[in-house]
Amino acid sequence: MNPSKTPAEILSIAGAEVSISSPDKMVFPEPGLTKLDVVRYYLTVADGALHGAGGRPMVLKRFPKGIDAEPFFQKRVPENHPGFVDTATLHYASGTSAEEAVIRDAAGLAWVVNLGCLDLNPHPVRAEDLEHPDELRVDLDPMPGVDWKQIVDVAYVAREVLNDVGLVGWPKTSGSRGLHILVRIAPRWSYRDVRLAAETLAREVENRAPGLATARWWKEERGESVFVDFNQNAKDRTVASAYSIRSLPDARVSTPLTWAEVTSTRPEQFTVLTVPERFADVGDPHSGIDDAAGSLDGLLGLAAELGPAEKPPRSGDGAGRRQSVMPLVEVARTKTKPEAIAALDEWKTTHAGLVPALHPADILVDGMRGSSSLWYRVRVNLQHVPENQRPPLEDLIADYNPWAGKEWPGRTGP
């Protein structure tokens, strides 16, 4: 969002006043959407957006420099937040805690957008019960080379598994390439149990659709498959909720669907320009989700039947680090994605003879969570390159340290 000297616009929303600074900042140049346009979008779909994010503590993912720059993640609510924004204090496994924002109305939506938030990232718990999630989240994450039809096929397998254990899945586009399935559950189980249930679901989907779906956590082992990302149910993780705008040039929206629409629509159909009319015409396909809360007993029983998931091997040097079973080479660590792509292009130029042997899923460009923002790691899996042609260990093309200068409270020594 580029700097602007335009006066703030004051919106009166159900009796609350919300100041929108620099309302004509251009946020999405391609469709011509300003900051005020983004606010008005959220006000138009407020009932649906609050159905997904309202009443839940959320991480503020802010884009102060626009969609082409990396966002930063703010757990702690600003001290000067208005009275219509509630808070809840979350305690993390690391021993840290954060007082996070909880929005409950349309004014709260406008307020977070004014901070530079595009997508809404709530935790799977209600502010009234922070230790017992009421939502299990199935994130179908396609590897490179995977088309939409394969994602749809995996989604229907996941639906079948959910039905078999007495749960109801509510699909929505992720707003990017994938698909989310939300499962409302009674708030009776711990985060550990919910994550185990999600991992069990992922393993069973892989069992029923081998080659199409995978539950393998390590990216280099997945191949051209759909990863059923169970780790999105860990305590410190959030996902973009329903009606969230994603930071893609076309202002794509994470949109709730009926199961019939999963097979008949495509993610690119749902944008800030198209979703408000859809919402006015058909309403929210997830309007009944709160009435479908189910039990995890079936999935946890299946977990006992399947036994513990296979763990990756550890190194033999005493450090206990995971040892990959794939021939990986690390190419670069960078601050931004364009830098990562440039480093990858440089590596490809240097090793042009190897590139034809690589499969799409062999190129691993991963956004890694730093202390408050993303950084990028570039790796190449040489599994399809003959062993005698694989290059020796080389220096990183770029070696960004996301932790440089970071001070850790309570830590002594290096």
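Residues numbered from 1 in each chain as written. Predicted model: local features only at pLDDT ≥ 70, side-chain atom pairs only at ≥ 80, totals over all residues. Heavy atoms only, no water.

**Observations regarding the overall build of the protein**
Thinking step 1. Helices and strands together make up the secondary structure of the protein, namely nine helices and 18 strands.
Thinking step 2. Relative to the compact-globule value of 22 Å for 414 residues, the protein shows a C-alpha radius of gyration of 22 Å, a close match.
Thinking step 3. Projected onto its principal axes, the C-alpha coordinates of the protein cover approximately 70 × 50 × 50 Å.
Thinking step 4. For the protein, buried positions account for 51% of its 414 residues.
Thinking step 5. Total accessible area on the protein stands at roughly 19200 Å², and carbon and sulfur atoms take up 49% of it. (Helix = DSSP H or I, 4+ residues; strand = E, 2+ residues; numbered from the N terminus. Rg over C-alpha atoms; globule rule 2.2 N^0.38 Å. Buried < 20%, exposed > 50% of the residue type's maximum accessible area, 1.4 Å probe, protein only. Areas by Shrake-Rupley, 256 points an atom, 1.4 Å probe, with all protein chains shown as cover.)

**Section: empty space enclosed by the protein**
Thinking step 1. Using the criterion set out here, one finds three cavities of 30 Å³ or more in the structure.
Thinking step 2. By volume, the largest cavity amounts to about 70 Å³.
Thinking step 3. Taken together, Gly48, His51, Gly52, Glu135, Leu182, Arg184, Ala242, Asp284, His286 and Ile289 make up the full set of residues lining the largest cavity.
Thinking step 4. Looking at the lining of the largest cavity, the elements with two or more residues in it are helix H2 (46-53) and strand S12 (179-184).
Thinking step 5. Considering every element that reaches the lining of the largest cavity, the biggest residue donor is H2, with three residues.
Thinking step 6. In the lining of the largest cavity, the residues fall into three nonpolar, four polar and three charged.
Thinking step 7. Forming the walls of the second largest cavity are Gly52, Pro122, Glu135, Arg137, Lys172, Leu182, Val239, Ala240, Ser241 and Ala242. (1 Å grid on protein atoms, 1.4 Å probe; cavity = no way out; pocket = protein on both sides within 12 Å on 5 of 7 lines; lining within 4 Å. Points joined across faces, edges and corners; volume = space filled by probe spheres on them. Nonpolar A, V, L, I, M, F, W, Y, C, P; charged D, E, K, R; others polar.)

**Overview of the packing of aromatic side chains**
Thinking step 1. Within the structure shown, the criterion is met by four aromatic pairs.
Thinking step 2. Aromatic side chains Tyr41 and Tyr42 sit 5.0 Å apart centroid to centroid with 70° between the ring planes, which places their arrangement in the edge-to-face category. Comparing Tyr41 with Tyr42 shows no difference in burial state: the two are buried.
Thinking step 3. Their ring planes at 75° and their centres at 6.3 Å tell us that Phe227 and Phe230 sit as a pair that is edge-to-face. Accessibility classification places Phe227 together with Phe230 in one group, the buried group.
Thinking step 4. For the cation-ring pair, Lys75 lies above Tyr92, with the distance from its terminal atom to the ring centre recorded as 3.9 Å. (Phe/Tyr/Trp six-rings, centres within 6.5 Å; stacked < 30°, edge-to-face > 60°. Lys NZ or Arg CZ within 6 Å of the ring centre and 35° of its normal.)

**Overview of the sheet that holds strand S11 (residues 170-173)**
Thinking step 1. The strand order across the open sheet formed by five strands is S11-S12-S10-S14-S13, and the pairing between neighbours is mixed. Each edge of the open sheet carries a strand with a single partner, namely S11 and strand S13 (213-214).
Thinking step 2. Bridge analysis of strand S10 (residues 135-142) against S12 gives six bridges, and the strand direction is antiparallel. Residue Asp139 lies in a different strand from S12, and its bridge partner there is His180. (Pairing = 2+ DSSP bridges.)

**Section: the packing of helix H5 (residues 191-208) against helix H8 (residues 297-306)**
Thinking step 1. Two elements in contact, H5 and H8, have axes separated by 9 Å at closest approach and are oriented at 65°. Along this stretch, H5 crosses H8, giving a crossing that reads as left-handed. Where H5 abuts H8, its residues Asp193, Leu196, Ala197, Thr200, Leu201, Arg203, Glu204 and Asn207 lie against Leu299, Leu300, Leu302, Ala303 and Leu306.
Thinking step 2. A breakdown of the residues in the contact of H5 with H8 according to their chemical character gives eight nonpolar, two polar and three charged. (Axes fitted to C-alpha atoms, helices over the stretch in contact; angles between N-to-C directions. Left-handed = near helix turned anticlockwise from the far one by under 90°. Contact = heavy atoms within 4.5 Å.)

**What about H2?**
Thinking step 1. Counted residue by residue, H2 has six buried out of eight residues, so it is predominantly covered.
Thinking step 2. All of the buried residues in H2 are Ala46, Gly48, Ala49, Leu50, Gly52 and Ala53.
Thinking step 3. As for H2, its buried residues are in contact with helix H1 (35-44), strand S5 (57-62), helix H3 (106-114), strand S9 (121-122) and helix H7 (275-282).
Thinking step 4. Of the residues flanking the end of H2, it is Gly55, one or two places downstream, whose phi is positive at about 80°.

**Some thoughts on the nonpolar core**
Thinking step 1. The biggest cluster of nonpolar side chains holds 88 residues, and the ones touching the most others in it are Leu136 and Leu140.
Thinking step 2. By residue number, the principal contributor to this core is helix H4 (residues 148-164), which donates nine residues.
Thinking step 3. With near-sequence residues (within four places) excluded, Leu140 lies in contact with Ile151, Val154, Ala155, Gly178, Leu179, Ile181, Val226, Phe227 and Val228.
Thinking step 4. One finds Val329, Leu354, Tyr376 and Val378 within the second-largest nonpolar core, a separate group that totals 15 residues. (Core = buried A, V, L, I, M, F, W, Y, C linked by side-chain atoms within 4.5 Å.)

**Quick word on the environment of Trp375**
Thinking step 1. Position of Trp375 among the secondary structure elements: in strand S17 (residues 374-381).
Thinking step 2. Overall, the relative accessible area of 8% leaves Trp375 in the buried class.
Thinking step 3. Along the primary structure Trp375 and Ala158 are separated by 217 residues, whereas in three dimensions their C-alpha atoms are 31 Å apart.

Keep in mind these values describe shape, not function.
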